[in-house]
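# Summary of the model geometry
One-letter residues, chain by chain:
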Amino acid sequence: MVTEKDVEHIGELADIGIDTAELATFTGQFNAIVEYFDVLDRVQGDGVVTRDLYNVLREDVVEPSLSQDEATRNAGAHEDGFIKAPRVM
């Protein structure tokens, strides 16, 4: 069970300010989350997961593309066959 002191400690670790008025609300929410984990711990399973796997990717097909001159033709600025962009610092 999560106590208000635990919630204060978690708030300090996360570097968030938890107001005293919100402390009871957060404590209840934390305890509800912990209860969900308890439910998941009690779920029985056979441990075997099977899936039908298939490849959704297509095969690569070589197709003609733009030449370097065509690719840089509409660029605002280009130099030595490459698109020239403004310097970013």
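Below, the structure is looked at part by part.

### Details of the overall build of the chain
- Looking only at helices and strands, the chain has 3 helices and 2 strands in total.
- Reading the secondary structure of the chain in the N-to-C direction produces α-α-α-β-β.
- Relative to the compact-globule value of 12 Å for 89 residues, the chain shows a C-alpha radius of gyration of 29 Å, a clear excess of over 25%.
- Viewed in the frame of its principal axes, the chain has a C-alpha envelope of about 70 × 45 × 15 Å.
- By residue count, 9% of the 89 residues in the chain fall in the buried class.
- Contacts in the chain between residues far apart in sequence, at least 24 positions, make up 20% of those at least 6 positions apart.
- Computing the positive centroid from 7 side-chain charges and the negative centroid from 19, the chain places the two 10 Å apart.

### Overview of the environment of Glu70
- Counting through the fold element by element, Glu70 comes out in helix H3 (residues 68–72).
- Taking the C-alpha atoms as reference, Glu70 lies 17 Å from Ala85; in sequence the two are 15 residues apart.
- Only 3.0 Å separates the side chain of Glu70 from the backbone nitrogen of Ser67, close enough to count as a polar contact.

### A look at the packing of helix H1 (residues 4–13) against helix H2 (residues 20–41)
- The contact between H1 and H2 brings their axes to 9 Å, and the two run at 95°. As the angle between them shows, H1 and H2 are arranged roughly perpendicular. Contact residues: Glu4, Val7, Glu8 and Ile10 in H1; Leu23, Ala24, Phe26, Thr27 and Phe30 in H2.
- Residues belonging to the contact of H1 with H2 are distributed by class as follows: 6 nonpolar, 1 polar and 2 charged.

### What to know about unusual backbone geometry
- Of note in the backbone geometry, Asp15 takes a positive phi value of approximately 60° without being a glycine.
- Inspection of the secondary structure puts Asp15 in the loop between H1 and H2.
- Given a relative accessible area of 71%, Asp15 falls into the exposed group.

### Structural notes on H2
- In a regular helix each residue adds 1.5 Å, so 22 residues correspond to 32 Å; H2 covers 32 Å between its end C-alpha atoms and thus fits that length.
- Within the span of H2, buried status applies to Leu23, Thr27 and Asn31. End-on view of H2: buried residues confined to an arc of 65°, all on one side of the axis. Facing away from the buried side of H2 by over 90 degrees, the exposed positions are Ala21, Tyr36 and Leu40.
- Looking at the buried positions of H2, the neighbouring elements they touch are H1.

The rules behind each value
Residues numbered from 1 in each chain as written. Predicted model: local features only at pLDDT ≥ 70, side-chain atom pairs only at ≥ 80, totals over all residues. Heavy atoms only, no water. Helix = DSSP H or I, 4+ residues; strand = E, 2+ residues; numbered from the N terminus. Rg over C-alpha atoms; globule rule 2.2 N^0.38 Å. Buried < 20%, exposed > 50% of the residue type's maximum accessible area, 1.4 Å probe, protein only. Contact = heavy atoms within 4.5 Å. Lys, Arg positive; Asp, Glu negative; His and termini not counted. Charge placed at Lys NZ, Arg CZ, Asp CG, Glu CD. Polar contact = N/O pair within 3.5 Å; in protein donor to acceptor, adjacent residues only side chain to side chain. Axes fitted to C-alpha atoms, helices over the stretch in contact; angles between N-to-C directions. Parallel < 35°, antiparallel > 145°, perpendicular 65-115°, else oblique. Nonpolar A, V, L, I, M, F, W, Y, C, P; charged D, E, K, R; others polar. Expected span 1.5 Å × (residues − 1). Arc of directions from axis to C-beta.

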